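Overview (structure and organization)
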Amino acid sequence: MSKLTLVSHHLCPYVQRAAIALLEKGVPFERINIDLADKPDWFLTISPLGKVPLLQIEEEDGSQAVLFESSVICEYLEETQPGVALHPKDALTRARHRGWMEFGSSVLSDLWGYETAEDAAQLEAKRMALISKFATVEKVLTDGPYFAGNDFSLVDAVFAPVFRYFDLFETLGDDIFEGLERVKRWRKALSERASVKAAVGEDYPQRLMEFLEKHNSILLRQAAAA
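No experiment lies behind these values; they were computed from the predicted model shown.

A few words on helix α6 (residues 154-169). The largest bend along α6 measures about 25° and falls at A160, with the proline P161 one to four residues further on. Counting buried residues in α6 gives 15 out of 16 residues, a clear majority hidden from the surface.

Listed below in structure tokens is the structure:
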């Protein structure tokens, strides 16, 4: 079998997608965390975009390859690795799932603006954008427990890191899931999944808090003033 190394960052939600896929597949892999504020030269040499995740692949014959972009890595793992299937067999359903994976990436884009907002107006704009997107998701969810019912899929791997942010954000006094009962059930089911738990270190909440402090997040300042 190929030797797989996931080049990672402690907080990156895109890395978590790949880690969850690897863990669900039961594939042995090594994980290397780097400091994105001080990227090592070896990383910049092999990362075309200077971003994580990267998947380093060493074949049995000694040949090596590097994949970048989380969706590409997840698709490669699905196509090449044994273990449970994380994509539907039906082509149309599979294409729909890929669309919702991209939708998850758009949620992360709004989430970045939400967590780094420095003033109340910016925070509220991103808050409303997130509420709108989760309301859209609410309409397509079934009774669960996962996106496609009983089967865990790559869509779940994409959204689990999104929901993880709100474990901390809700302690700061904000709740954007009010009235979204299916989303809340989905979030709970994902939080209890072994692969989701193992995709980050135990110090994740502390690191996320430090990230908010570094970016002078209005979330923290509002919570302190409450």
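Moving on from the model shown.
To continue, consider the state of the cysteines. Counted according to the given criterion, the structure contains 0 disulfides. Its sulfur unpaired, C12 is 11 Å from the next cysteine sulfur, which belongs to C74. The exposure class of C12 is buried, given its relative accessible area of 11%.

On the surface, E58, E59, E60 and D61 cluster together into a patch of negative charge. By secondary structure assignment, the location of E58 is in strand β3 (residues 54-58).

Right, let's get into the nonpolar core. Core analysis: the biggest nonpolar cluster contains 69 residues, and L111, F134, F159, F166, F169 and W186 have the highest contact counts within it. In this structure, L111 is in contact with L130, V162, Y165, F166 and F169, ignoring residues within four places of it in sequence.

For the coordinates displayed, the defined rule picks out 13 salt bridges. Residue R98 is joined to E75 by a salt bridge in which the shortest nitrogen-to-oxygen separation is 2.8 Å. Placement of the pair is R98 in helix α4 (residues 91-116) and E75 in helix α3 (residues 70-80), with a sequence separation of 23 residues. Residues K126 and D110 are paired through a salt bridge, measuring 3.4 Å at the closest nitrogen-oxygen approach. Placement of K126 in helix α5 (residues 120-140) and of D110 in helix α4 is noted, with a sequence separation of 16 residues between them. Its relative accessible area of 25% is what places K126 among the partly exposed residues. Members of the salt-bridge network, linked through shared partners, are D110, K126 and K133.

Spatial ordering of the open sheet is given by β2-β1-β3-β4, a layout of 4 strands whose pairing is mixed. Each edge of the open sheet is held by one strand with a lone partner, namely β2 (30-33) and β4 (64-68). Going from strand to strand, the sheet's axes swing by 20° on average, the running direction of each strand aside. One ladder, built from 4 bridges, connects strand β1 (residues 3-8) with β2; its direction is parallel. Looking at the pairing, S8 lines up with N33 of β2.

The next thing to look at is the environment of S106. Tracing the chain through its elements places S106 in helix α4. We classify S106 as partly exposed; its relative accessible area is 25%. Note: C-alpha distance between S106 and K133 (27 residues apart in sequence) is 8.9 Å.

What follows covers the side chain of D174. One can find D174 in the loop between α6 and α7 (181-191). D174 sits in the buried class, given a relative accessible area of 13%. A distance of 2.9 Å separates polar atoms of two side chains, one belonging to D174 and the other to R127.

With that out of the way, let us pick up the packing of aromatic side chains. By the definition in use, this model includes 18 aromatic pairs. Between the aromatic rings of Y146 and F152, the centroid separation amounts to 5.5 Å while the plane-to-plane angle is 80°, which identifies the pairing as edge-to-face. The residues Y146 and F152 share a single accessibility class, namely buried. Taking 5.5 Å as the distance between ring centres and 85° as the angle between the ring planes, the aromatic pair formed by F166 and F169 counts as edge-to-face. Within this pair, F166 and its partner F169 are both found in helix α6, separated by 3 residues, close to a single helical turn. This pair shows no difference in class: F166 is buried, exactly as F169 is. An aromatic cluster is built from W100, F103, Y114, F134, F147, F159, F163, Y165, F166, F169, F177 and W186, whose rings are joined through pairwise contacts. It is R164 that lies over the ring of Y204; its NZ or CZ is 5.7 Å from the centre.

Thresholds applied
Residues numbered from 1 in each chain as written. Predicted model: local features only at pLDDT ≥ 70, side-chain atom pairs only at ≥ 80, totals over all residues. Heavy atoms only, no water. Bend = angle between axes of the 7 residues up to and from the residue. Helix = DSSP H or I, 4+ residues; strand = E, 2+ residues; numbered from the N terminus. Buried < 20%, exposed > 50% of the residue type's maximum accessible area, 1.4 Å probe, protein only. Disulfide = S-S within 2.5 Å. Patch = residues over 30% accessible without salt bridge, like charges linked within 9 Å, V, L, I, M, F, W, Y side chains within 5 Å. Areas by Shrake-Rupley, 256 points an atom, 1.4 Å probe, with all protein chains shown as cover. Salt bridge = Lys/Arg side-chain N within 4 Å of Asp/Glu carboxyl O. Lys, Arg positive; Asp, Glu negative; His and termini not counted. Charge placed at Lys NZ, Arg CZ, Asp CG, Glu CD. Core = buried A, V, L, I, M, F, W, Y, C linked by side-chain atoms within 4.5 Å. Contact = heavy atoms within 4.5 Å. Pairing = 2+ DSSP bridges. Axes fitted to C-alpha atoms, helices over the stretch in contact; angles between N-to-C directions. Polar contact = N/O pair within 3.5 Å; in protein donor to acceptor, adjacent residues only side chain to side chain. Phe/Tyr/Trp six-rings, centres within 6.5 Å; stacked < 30°, edge-to-face > 60°. Lys NZ or Arg CZ within 6 Å of the ring centre and 35° of its normal.

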